[in-house]
Every structure is written in C-alpha cells, then in structure tokens.
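Take a look at the letters that make up each chain.
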Amino acid sequence: MSDKFMPHTDEDIREMLDKIGVATIDDLYKDVPSEVIFKEEYDIPSSMSEIELRKHFEELGKKNKTLTIFSGGGAYDHYSPSTIDHLLKRSEFYTAYTPYQPEISQGTLQYIFEYQSMISELTGLESTNASMYDGATAAAEVMFMMVASAKKKNRVLVSSTVNDRVKDVIKTYAKFHGVEVTITPEKDGVTDLEAIKDELAKGDVAGVLVPTPNKYGIIEDFTGLSEAIHSAKGYFGIFADPSSLAVLRSPAEWGADVACGDGQTLGMPLSFGGPYLGFISCNKSMIRKMPGRVVGATKDIDGKRAFVLTLQAREQHIRREKATSNICSNQSLMALYATIYLSLLGKEGLKEVNKLACDGAHYLYNRLIESGKFAAVYDKPFLKEFVVKTDLDMNIINQRLLDNGIQGGLLLGNGMVEFAVTEKRTKEEIDKLVDLMLEK
C-alpha cells in the first residue's frame, strides 16, 4: 500500500484509474492550472508525545482572550448551565447518528420529540422540525416552504429589518433556485407595513418574512399584517429569537403560518460562530413542505409509548429533485442542547433571563442617554438590544474597551452603535463600560 492510512491498495487504485480511462492520479487534475498547485513540502510539525501535545494546546489556548461582551447582532452571550456539557457529551448522545432504526434509537427520538414540543410551545405553532444549521439557513428554507405552498407564486417579501446576514443567505439561496426576493423598506426602525401591503396588491407574493425582535433590537407591531397577507393568499413568516418568545407575543398570536430563527440564544456559547441551531415551526398545512426531521409519538406492539421518524420527505428516501431540502445532516446534538437548557430553566427561568436582560439593557441605555454623549435613534420598545447615536470616535473607544477586556457595541455607520445586554451582565460591568467610553 502507498499509504498505511488509506484503505485502497495500489491494485485498487490501478483498477479505478483504468475504469475511468486515465493513467495516473495526477491526470485527474490536468485541468487545474499548474501555477495554483502547491509544489513545496508541507509544513507539518513532527509528532509529539501526549505531554508535549497538551502543553502545545495550552499555549495556543492562552492566545484566546475572554471578553465581557456588549455586542449582539444575532449572536448573544447568554449563560450556559454547566450541567448541559456533562449531559451533552455522554457517549450515547455524542456518537449518535440518524435514528433510522427506531427500535434502538428511542432515547434520541424522545429528546428530539421533547425539543419539538418545547419550540412549538414557544412559537405557538403546531409542528417543529429538528433541525437546521442556523437561523439564516432556516430562514432560507422557510422562503422555499412559502413558495412551494403558494404554488404558482414565486416572490417572497423580506423586511429590511431582518438581520443583514440572514438576508444575505436568503438572497443567495433564492438566486440559485429561481426565487424572486424583494427587500421591503423600513420606516423609523421598523417594517414599513404599508409598503408590504402595496407589494401584496400586485398578486404575485408567495409569502412575507418579518422579524421579532428586529435587527435593531426593536419589538415590532404586526397588527393587521396577517389579515393582509392571507387576503392576498400568501403565507406569513416570522424570524424570531426563541428566548424572547418567553415574554413576547408568539408568532401564532400574530397569525403567522411559519416561524424560524436561531436557537443560539437558548444558552449556546458563542464559540467563534458555532455550532448553532436553526429551528422551523409551522402549522399543519405546511408540514409536508418543511425540511429536517419530524419525530412523532406512537405506541409499540405492546401498547407502550414509542417514538418514530415521520413524514420522511428527505433526500435519502425519495428522488433528490422531489425532496423538501437537500440538507441531510441534522444538528440534533444542538437540539439536545436546547432541550436540556429549556428543561433546566423552565418557563419561569426563561422569563427571568429576559427580565434581567431587559433591566440591564434599559439601565445601559439610560446611562448613555443621560451622559449627553449619546442620543436616541428610535423611540421604540426594545428587550435586550438597542441602537444609539454618538459623535464620539467609536473605533478608538472600542479599542480602549478591548484593551480592558470588553467587547463594545457594533458599529452600524453614521455614528450609530448597537449594544446588547444579556442576563450575564452585571451593574458593575455596565458601569465600567460606560465609564471607559466616556473617559477622556
């Protein structure tokens, strides 16, 4: 064998090359320009003992700097109970794969069922999948669900107050699937509902997606929107922060047909961007268009409660072109994370998380406004995130904050800064942030 870590023998390789009609493996890359092919020796360090390797990674770890975070923009520094890590990394969860054989996968199927039940309770909608990569891909899939459900309509309206990175992913998915996306304008920091109604009047809109809270942290009012969309025979979707749904009006209460969002706010560490969790909830009328797994409860041959995968319209089971989605890897490990988190906190605990975040955010907001160096941008209700405006040089200030172990607000341009406060932030930390920003 040419390499002890490769399973193919020289004879295997020769047979495969003969089958496709090339002489060498290099011939497979003959269309690649030679100037882009790496020809040097790989700079791979020599092997290390376990002690050496542990020390090496400890030194690498020291380069990470733990910060006190006051930025959000779609990912938030929420508290992660230590119990989750201990349960999540049990081998029966950590090594589990797709539960195709329900008779030996009851544990996995049950926690997915519990996850679906909890998210459905938060959204108020009838069905939830498990699950998507993140909130952005979930939103893109909701776009496809609305188009598929509306039939003969190929245009989706997305409010400009949806998170900008989510909008980018939606537009990318749409471009390569022939879906037309119209970004509707905002007015005073919230969705311009009249502009949406004008677009609906054209008669070609499959669905509308709006956020709660929106990209500025504002809690939007969608009164009358559901009726307008349904009168135009379209579908109403809401991109929601699932944590905030413990205290805000649910998508179902707004009359939405489908909801999606990022489960990162359910205690998942920021972790440099992932892994996170995308969820989709919908009413039964759309469930056959929903990608991902759906676990149902049933009874086994002995009449005992059991769990099974149901409505398996995924690409492993039917023709690729007929599948609801070609995402085949389900992040059910992160669904388990959300399930444990929600179980530990319970309904009252999740309300307390939001209360602490809301109190902290409003305390910070008031301190900034009272300083005279920051001004309000939008006079709208917010929960844990808000935007203010300043003439101060925030690039210099944010660097000062970093030097003191604090990640400051996100710079939105034109002097606007967005801050987020979670239940982890203390009054002392908020005061330190303000004092450093106002320091001359």
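Going by the structure above, here's the rest.
Residues numbered from 1 in each chain as written. Predicted model: local features only at pLDDT ≥ 70, side-chain atom pairs only at ≥ 80, totals over all residues. Heavy atoms only, no water.

Glancing now at the packing of helix H11 (residues 394-403) against helix H12 (residues 427-438). For the pair H11 and H12, interaxial distance at closest approach is 9 Å and the crossing angle is 130°. If you check the angle between H11 and H12, you find them oblique. You can see that H11 and H12 cross each other, and the crossing is right-handed. The segment H11 lies against H12, with Met394, Ile397, Arg400 and Leu401 engaging Leu433, Leu436 and Met437. (Axes fitted to C-alpha atoms, helices over the stretch in contact; angles between N-to-C directions. Helix = DSSP H or I, 4+ residues; strand = E, 2+ residues; numbered from the N terminus. Parallel < 35°, antiparallel > 145°, perpendicular 65-115°, else oblique. Left-handed = near helix turned anticlockwise from the far one by under 90°. Contact = heavy atoms within 4.5 Å.)

A few words on the sheet that holds strand S14 (residues 385-390). Ordered in space as S13-S14-S17-S16, the four strands form an open sheet in which the pairing is antiparallel. Both outer strands of the open sheet, strand S13 (374-376) and strand S16 (410-413), are each paired with one neighbouring strand and no more. Neighbouring strand axes in the sheet, compared pairwise and without regard to direction, differ in orientation by 40° on average. Sheet strands in contact with H11 are S13, S14, S16 and strand S17 (416-420), and its direction is about 175° off that of S16. (Pairing = 2+ DSSP bridges.)

This brings us to the packing of aromatic side chains. Inspection of the entire model under this criterion finds 11 aromatic pairs. Centroid distance phenylalanine 222 to tryptophan 254: 5.5 Å. Interplanar angle 75°. Geometry classified as edge-to-face. You can see phenylalanine 222 sitting in the loop between strand S7 (205-212) and helix H9 (225-231) and its partner tryptophan 254 sitting in the loop between strand S8 (235-240) and strand S9 (258-262), a full 32 residues away along the chain. Both residues of the pair, phenylalanine 222 and tryptophan 254, count as buried. An aromatic cluster is present here, built from Tyr365, Phe382, Phe386 and Phe419 joined pairwise through their rings. Against the face of tryptophan 254 rests arginine 249, its NZ or CZ located 4.2 Å from the ring centre. (Phe/Tyr/Trp six-rings, centres within 6.5 Å; stacked < 30°, edge-to-face > 60°. Buried < 20%, exposed > 50% of the residue type's maximum accessible area, 1.4 Å probe, protein only. Lys NZ or Arg CZ within 6 Å of the ring centre and 35° of its normal.)

Here we take up the sheet that holds strand S10 (residues 278-282). The strand order across the open sheet formed by seven strands is S2-S10-S9-S8-S7-S3-S4, and the pairing between neighbours is mixed. Taken across any chain shown, the strands that pair with only one partner, and hence form the sheet edges, are strand S2 (127-128) and strand S4 (180-184). Pairing between S7 and S8: six bridges, direction parallel. Within S8, the position partnered with glycine 207 by the bridge is tyrosine 235. Contacts from helix H5 (residues 106-123) reach S2, S9 and S10 within the one sheet, and its direction differs from that of S10 by about 65°. Against the sheet, helix H8 (residues 193-200) contacts strand S3 (155-159), S4 and S7, and its axis sits at roughly 165° relative to S7.

Our next topic: the pattern of salt bridges. The full count for this structure, using the stated rule, is 22 salt bridges. Aspartate 359 serves as the salt-bridge partner of lysine 355, at 2.9 Å between the closest nitrogen and oxygen. Placement of the pair is lysine 355 and aspartate 359 together in helix H10 (residues 332-370), with a separation of four residues, close to one helical turn. (Salt bridge = Lys/Arg side-chain N within 4 Å of Asp/Glu carboxyl O.)

Next up on the list: the environment of methionine 437. Tracing the backbone through its elements, the reader meets methionine 437 in helix H12. Take methionine 437: its relative accessible area is 2%, and that puts it in the buried class. For the pair methionine 437 and valine 210, spaced 227 residues apart in sequence, the C-alpha to C-alpha distance is 34 Å. If we skip the residues at most four places from it in the chain, methionine 437 touches Leu368, Phe374, Leu392, Met394, Ile397, Arg400, Leu401 and Phe419.

Another aspect to go through is the pairing of S16. The pairing of S16 with S17 spans three bridges and is antiparallel. Across the sheet, the residue bridging to leucine 410 is glutamate 418, located in S17. Connecting the antiparallel pair S16 and S17 is a turn made up of two residues, with asparagine 414 showing a positive phi of about 55°.

Within the secondary structure, valine 247 is located in the loop between S8 and S9. Between the alpha carbons of valine 247 and leucine 411 there is a distance of 28 Å; along the sequence they are 164 residues apart. Those residues in contact with valine 247 that sit more than four places away from it in its chain are Lys351, Asn354 and Leu383.

Right, let's get into the nonpolar core. Looking at soluble globular proteins, one finds that nonpolar side chains tend to be buried together. Ranked by internal contacts, the top residues of the largest apolar core, which has 45 residues, are Leu200 and Phe236. Taken together, the elements giving at least two residues each to this core come down to helix H3 (82-88), H5, H8, S7, H9, S8, strand S12 (305-310) and H10. Broken down by element, this core gets its largest block of residues, 10 residues, from H10. With residues up to four places along the chain from it excluded, the contact list for leucine 200 reads Leu157, Val205, Val208, Ala228, Ile229 and Ala232. Met145, Val156, Val166 and Val294 belong to the second-largest nonpolar core, a separate cluster that totals 30 residues. (Core = buried A, V, L, I, M, F, W, Y, C linked by side-chain atoms within 4.5 Å.)

Let us now look at the side chain of aspartate 262. With respect to the helices and strands, aspartate 262 occurs in strand S9. This buried residue, aspartate 262, is left without a salt bridge; arginine 165 holds the nearest opposite charge, at 9.3 Å. Polar contacts involving the side chain of aspartate 262 include one to the main-chain amide nitrogen of glycine 135, which spans 3.0 Å. Here the side chain of aspartate 262 touches glutamine 264 through a polar contact of 3.0 Å, landing on its backbone nitrogen. Not counting chain neighbours up to four residues away, the residues in contact with aspartate 262 comprise Asp134, Gly135, Phe239, Ala240, Pro242, Tyr276, Leu277 and Phe279. (Lys, Arg positive; Asp, Glu negative; His and termini not counted. Polar contact = N/O pair within 3.5 Å; in protein donor to acceptor, adjacent residues only side chain to side chain.)

Where like charges cluster on the molecular surface, the negative patch consists of Asp10, Glu11, Asp12 and Glu15. With respect to the helices and strands, the residue glutamate 15 is situated in helix H1 (residues 10-20). Residue classification places glutamate 15 among the exposed residues on the basis of a relative accessible area of 57%. (Patch = residues over 30% accessible without salt bridge, like charges linked within 9 Å, V, L, I, M, F, W, Y side chains within 5 Å. Areas by Shrake-Rupley, 256 points an atom, 1.4 Å probe, with all protein chains shown as cover. Charge placed at Lys NZ, Arg CZ, Asp CG, Glu CD.)

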